[in-house]
Amino acid sequence: MTRFEAAKAHYGDYGVDVDKALNVLSGVRISMHCWQGDDVTGFENKGSLSGGIAATGNYPGKARNAEELMADIKKALSLIPGKHKLNLHASYAIGGSIPDRDKLEPKHFSAWADFARAEGLGLDFNPTFFSHPKADKGLTLSSPDASIRNFWIEHGKASRRIAEYFGKTLGMPALNDVWIPDGYKDIPADRYKPRERLKASLDEVFSEKLDPNYLIDCVESKVFGIGLESYTVGSHEFYLSYAAKNNVLCLLDTGHFHPTEMVSDKIPSLLLFFGKLALHVSRPVRWDSDHVIIFDEELKEIAKELVRCNALDKTLIGLDFFDASINRIAAWVTGMRNMQKALLYALLMPYEKLSRFQEESNFTEILVLMEECKFLPFADVWDEFCGRNDVPPRDAWFKPVLEYEKQVLSKRN
Ligand code: RNT
Ligand code: ZN
């Protein structure tokens, strides 16, 4: 009997169908964010990262252009089981004469569409409302200056068209995620007007009717940014209300809430009121919202909610972290595999039994069974999943990354 067969029998004792779990996991596409590959630099070369976010560290070998970024993405994906999506930012347009962001068009991203098609990937998109001279006051869609606001409104509209194009050309809907940095470092004199302006700007951004079969719109909230600590225009209440009233999604970035707030707990509530759910899975550490995701309690809890709410088909799972202090390909692979591990862990839990216990108020049984589940032979099922998908099991994926670092990354400077 192999370790996998033994594990399967062990799970079987608890009524868990391991093959079914593996099949379900095979169908889950996770959107891997391109920006871990180059510390959110993008291809415009207009200056440093701004907008209340920061990538710290200077690990050698970051991608300097589209060719290198694509090669690194391919390397990472070759070590991650399954088929996925790639999440792009507007600052990653490719070509000779790229216009300013208000004038971007689908054609400036056709090289990415070709790449995605060749690699069997879906695409998602993000307008880039930061790292730009017109965002240097930390205000974009909520700016009191109408010309600044209009520039960013045009950028928002352009981005929706690009996302719709991705959806159409790849035959898989693309998420367009509006996140803006807008906020104030110190206590504002007026919290109302910036939000009033943001609301009106968003109405304009979303005014063009595009095909919902290919484009999924969402807005992403945040609690604070670096240098913008006292007030965020696009707060959670603001966007949750906006999304509910305007038929767009409210994306939950798991790094964007107060440290004791559980994002997992928000999932069922949103699912009851929205047809779909959009996530940026990240890991908050003190002031930073973007550490590489690890296999921790909250990640497992998020995965459990997605599984037991039967929401895997309606959730757009994207990752959002950027660590510049470690090998960037290892960061991607660790995060993507951890998201999948958490989903597998969740898929291997005996929910029917646990939920019946809850309905019958058998709380002792729940405690005992949940604790036992933590010791079931999960790792053997994970190794089987890697094997079935032709990628290295355990930490065997790391050797090829080191080899690539030696052969390719170390030659960049
Ligand atoms: C910032 C938001 C946003 C960005 C990316 C790069 O706090 O999470 O999603 O991380 O757009
Ligand atoms: Zn995010």
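One structure accompanies this document, and this report is about it. (Residues numbered from 1 in each chain as written. Chains lettered and ligands numbered in written order. Predicted model: local features only at pLDDT ≥ 70, side-chain atom pairs only at ≥ 80, totals over all residues. Heavy atoms only, no water.)

### Observations regarding the overall build of the chain
What counts is decided by this rule: Helix and strand assignments come from DSSP, with helices taken as H or I runs of at least 4 residues and strands as E runs of at least 2, each series counted from the N terminus. With C-alpha atoms as the basis for the radius of gyration, the globule rule is written as 2.2 Å multiplied by the number of residues raised to the power 0.38. Any residue under 20% of the maximum accessible area for its type is buried, any over 50% is exposed, and the rest in between are partly exposed; the area is computed with a 1.4 Å probe on protein chains only. Only heavy atoms matter for contacts: two residues are in contact if any of them lie within 4.5 Å across the pair. Per-residue accessibility takes into account occlusion by the displayed protein chains alone, with areas from the Shrake-Rupley method and a 1.4 Å probe. In this tally, Lys and Arg are treated as positive and Asp and Glu as negative; His is ignored, and so are the chain termini. Taken as the charge centre is NZ of Lys, CZ of Arg, CG of Asp or CD of Glu, depending on the residue.
A tally of regular secondary structure across the chain gives 14 helices and twelve strands. Compactness check: the chain gives a C-alpha radius of gyration of 22 Å against a globular reference of 22 Å for 413 residues, within 12% of the reference. When the backbone C-alpha atoms are referred to their principal axes, the chain occupies close to 70 × 55 × 40 Å. Classification of the 413 residues of the chain by burial places 55% in the buried group. In the chain, the proportion of contacts linking residues at least 24 apart, taken out of those at least 6 apart, comes to 81%. Carbon together with sulfur atoms contributes 52% to the accessible area of the chain, which is approximately 18500 Å² in total. For the chain, the separation between the mean place of its 51 positive charges and that of its 59 negative charges on side chains is 3 Å.

### Some thoughts on the packing of helix H9 (residues 297-308) against helix H10 (residues 328-347)
Selection criterion: To obtain each axis, a line is fitted to C-alpha atoms, and for helices this fit is confined to the stretch in contact; angles are then taken between N-to-C directions over 0 to 180 degrees. Orientation categories follow fixed angle ranges, with anything under 35 degrees roughly parallel, anything over 145 roughly antiparallel, 65 to 115 roughly perpendicular, and all other angles oblique. Here a crossing is taken to be left-handed if its near helix is turned anticlockwise relative to the far helix by less than a right angle, and right-handed if that turn runs clockwise. Any residue that is not Ala, Val, Leu, Ile, Met, Phe, Trp, Tyr, Cys, Pro, Asp, Glu, Lys or Arg is counted as polar, Gly included; the first ten are nonpolar and the last four charged.
Running from amino to carboxyl end, H9 crosses H10 at an angle of 55°, the nearest separation of the two axes being 8 Å. For the element pair H9 / H10, the angle class is oblique. Note on packing geometry: the crossing formed by H9 with H10 is right-handed. Contacts between H9 and H10 involve Leu-299, Lys-300, Ala-303, Lys-304, Leu-306 and Val-307 on the former and, on the latter, Asn-338, Met-339, Ala-342, Leu-343, Tyr-345, Ala-346 and Leu-347. For the contact of H9 with H10, the per-class residue count stands at ten nonpolar, one polar and two charged.

### Notes on the environment of Ser-131
Relative to the elements of secondary structure, Ser-131 occurs in the loop between strand E3 (122-126) and helix H5 (146-170). A relative accessible area of 15% places Ser-131 in the buried class. Between the alpha carbons of Ser-131 and Glu-305 there is a distance of 35 Å; along the sequence they are 174 residues apart. Among residues more than four places away in sequence, those in contact with Ser-131 are Glu-44, Ser-48, Leu-49, Ser-50 and Arg-101.

### Observations regarding the packing of aromatic side chains
Selection rule: Working definition: a ring pair exists when centres of Phe, Tyr or Trp rings (six-membered ring for Trp) sit within 6.5 Å. Plane angles under 30 degrees give stacked, over 60 give edge-to-face, the rest tilted.
Under the defined criterion, the tally for this structure stands at 18 aromatic pairs. Where Phe-43 meets Tyr-92, the ring centres are 5.1 Å apart and the plane angle is 75°; that geometry is what we call edge-to-face. With Phe-43 in the loop between strand E1 (30-33) and helix H3 (66-77) and Tyr-92 in the loop between strand E2 (85-89) and helix H4 (110-119), the pair connects residues that are 49 residues apart, well separated along the chain. For the pair shown, Phe-43 and Tyr-92 are each scored as buried.

### Description of the site of ligand 1
The line we're drawing: A cutoff of 4 Å decides nearness: a residue is near a molecule or strand if any of its heavy atoms lies inside that distance of it. Identification of polar contacts relies on pairs of N or O atoms within 3.5 Å, with a donor-acceptor requirement for protein atoms, meaning one able to donate a hydrogen and the other able to accept it, and with residues adjacent in sequence counted only if both atoms are side-chain atoms.
Contacts to ligand 1 come from Trp-35, Ile-53, His-89, Trp-179, Glu-220, Lys-222, Asp-253, His-256, His-280, Asp-320 and Phe-322. Contacts to ligand 1 include Asp-320, whose side-chain N or O atom sits 2.7 Å from an oxygen atom. Out of a free accessible area of 310 Å², ligand 1 has 100% covered by protein chains. Residues of the shell around ligand 1, tallied by class, amount to four nonpolar, three polar and four charged.

### Examining the nonpolar core
Cut-off, in case you're wondering: Nonpolar core, defined: a set of buried Ala, Val, Leu, Ile, Met, Phe, Trp, Tyr and Cys residues in which side-chain atoms within 4.5 Å join the residues together.
If you look at the biggest cluster of nonpolar residues, it comprises 132 residues, and the most contacted ones within it are Ile-73, Trp-112, Leu-141, Leu-202 and Leu-343. Per-element accounting of this core gives the leading share, 13 residues, to H10. Dropping the residues within four chain positions of it, Leu-202 is found in contact with Leu-141, Val-178, Val-219, Phe-238, Tyr-239 and Tyr-242.

### Regarding the coordination of the zinc ion (ligand 2)
Which entries qualify depends on this criterion: Donors, by definition, are the N, O and S atoms found within 2.8 Å of a metal, the threshold being 3.2 Å for Na, K and Ca, and water is not counted, so a site can look incomplete. Angular criteria define each label, namely tetrahedral for four donors with all angles between 85 and 135 degrees, square planar for four and octahedral for six donors with opposite donors over 155 degrees apart and remaining angles between 65 and 115, and irregular for whatever fails these tests.
Protein-derived coordination of the zinc ion (ligand 2) comes from Glu-220 (OE), Asp-253 (OD), His-280 (ND1) and Asp-320 (OD), at a distance range of 2.1 to 2.2 Å. Metal-centred angles of 71 to 164° between the six donor atoms at the zinc ion (ligand 2) mark the site as octahedral. For the zinc ion (ligand 2), the donor residues sit on a single chain with the sequence spacing E-x32-D-x26-H-x39-D. One end of the pair, Glu-220, is in strand E6 (residues 215-220); the other, Asp-253, is in strand E8 (residues 249-253), with 33 residues separating them in the sequence.

### Some points on the side chain of Asp-72
Summarising the element assignment, Asp-72 is placed in helix H3. Here Asp-72 falls in the buried class, since its relative accessible area comes to 3%. Apart from the residues lying within four places of it in its own chain, the contact partners of Asp-72 are Gly-61, Ala-63, Ile-329, Trp-332, Tyr-404, Leu-409 and Arg-412.

### Observations regarding the side chain of His-155
The residue His-155 is located in helix H5 in this model. Classification of His-155 as buried rests on a relative accessible area of 0%. Ignoring anything within four residues of it in the chain, the contact list for His-155 reads Ala-90, Arg-101, Asp-102, Leu-104, Pro-127, Thr-128 and Phe-129.

### Some thoughts on the packing of H4 against H5
Where H4 contacts H5, the axes come no closer than 11 Å and their chain directions differ by 35°. The handedness of the crossing between H4 and H5 comes out as right-handed. Taking contact as the criterion, the partners of Ser-110, Ala-113, Ala-116 and Arg-117 in H4 are, on H5, Tyr-165, Phe-166, Thr-169 and Leu-170.

### Focus on the pattern of salt bridges
Our working rule: When a carboxyl oxygen of Asp or Glu lies within 4 Å of a side-chain nitrogen of Lys or Arg, that pair is called a salt bridge.
Taken as a whole and judged by the stated rule, the model has 26 salt bridges. One salt bridge connects Glu-154 with Lys-157, and the closest N-O pair in it is separated by 3.9 Å. With a gap of three residues between them, Glu-154 and Lys-157 both fall in helix H5, about one helical turn apart. Using a relative accessible area of 34% as the deciding quantity, one classes Glu-154 as partly exposed. Overall, the relative accessible area of 16% leaves Lys-157 in the buried class. A salt bridge links Lys-168 to Glu-164, with the nearest nitrogen and oxygen atoms 3.7 Å apart. Here Lys-168 pairs with Glu-164, and both are found in helix H5, just four residues apart, close to one helical turn. The structure contains a network of salt bridges with shared partners spanning Lys-8, Asp-19, Glu-384 and Arg-388.

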